[in-house]
Amino acid sequence: MTPRFDAIGLVVSDMAAAVTFYRRLGFVFAEGAEALPHAEAELPGGLRLLLDTEDTVRSFHPGWQPPTGSGRAAPALRCGSPAEVDAVYEDMVGAGYHGELKPWDAFWGQRYAVVHDPDGNGVDLFAPLPGQ
C-alpha cells in the first residue's frame, strides 16, 4: 500500500466565515456548507480542502486545543499573473480580511503576498515573475 496525498484539512472556529473566505478565493463548496460541521471543496487535480469546526474535532479528539502563536502551514494559491496576485490581495483586504504581507517581487522570482483567513491562517498568493 502506498499512501497518496488527498486533502488539506483546516480546523475552523466559524464555518460560515471560513466558507465565505475560501469561496471568495474561488473554492466551490456545496450550498449550505456554512451551516455544516464539516465541509469540502474539490480542488483541481483531485485534491480536496477540508474544513472542520473545532467542535467536530473535539468530538473524536476531546483534548484538542487550538494552536497558539504563528502557523507553520499555509495554503498557497498560484495566480495567473503578478497582476492577479495584486488584484486578489486587494479584493480580500477590501472585503475586510487581514493583509499580512503586501504584494512584492520576491527574490526567488515570484510576485508574493499573504492574507489571513478568519482563523488567522496565512494564505499565500503567488505568481512567477516574467522571465522566471
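> I'm lost on the pattern of salt bridges in this one. Help?
Once their charged atoms are close, side chains differing in charge can pair, the charge on each being opposite to the other. On inspection of all chains with the given rule, the structure shows eight salt bridges. We note a salt bridge from Asp91 to Arg24, for which the minimum N-O separation is 2.9 Å. Remark: Arg24 occurs in helix 1 (residues 15-24) and Asp91 occurs in helix 3 (residues 82-94); sequence separation between them is 67 residues. Among the charged side chains, a salt-bridge network with shared partners connects Arg4, Asp6, Glu40 and Arg48.

> Sorry, what's going on with the packing of aromatic side chains here?
We describe a pair of aromatic rings using the distance from one ring centre to the other and the angle between the two ring planes. Tallied over the entire structure, the rule returns six aromatic pairs. Aromatic pair Trp104 and Trp108: ring centres 5.6 Å apart, planes at 85°, arrangement edge-to-face. For Trp104, a relative accessible area of 31% corresponds to the partly exposed category. Seen in terms of ring centroids, Trp108 and Tyr112 are 5.3 Å apart; in terms of plane orientation they differ by 75°. Their pairing is edge-to-face. Owing to a relative accessible area of 42%, Trp108 belongs among the partly exposed residues under this scheme. Judged by its relative accessible area of 15%, Tyr112 is buried. Here the aromatic cluster, defined as three or more aromatic residues joined through ring pairs, consists of Phe21, Tyr22, Phe27 and Tyr97.

> Whenever I open this one, the layout of surface pockets confuses me. Can you help?
A volume near 600 Å³ is recorded for the largest pocket. Considering the residues around the largest pocket, the lining is formed by 22 residues, among which Pro67, Gly71, Asp119, Gly120 and Asn121 are closest to the centre. Among the secondary structure elements, those contributing two or more residues to the lining of the largest pocket are strand 1 (7-12), strand 6 (110-116) and strand 7 (122-128). Among the elements that line the lining of the largest pocket, the one with the most residues is strand 1, at three residues.

Definitions and limits used
Residues numbered from 1 in each chain as written. Predicted model: local features only at pLDDT ≥ 70, side-chain atom pairs only at ≥ 80, totals over all residues. Heavy atoms only, no water. Salt bridge = Lys/Arg side-chain N within 4 Å of Asp/Glu carboxyl O. Helix = DSSP H or I, 4+ residues; strand = E, 2+ residues; numbered from the N terminus. Phe/Tyr/Trp six-rings, centres within 6.5 Å; stacked < 30°, edge-to-face > 60°. Buried < 20%, exposed > 50% of the residue type's maximum accessible area, 1.4 Å probe, protein only. 1 Å grid on protein atoms, 1.4 Å probe; cavity = no way out; pocket = protein on both sides within 12 Å on 5 of 7 lines; lining within 4 Å. Points joined across faces, edges and corners; volume = space filled by probe spheres on them.

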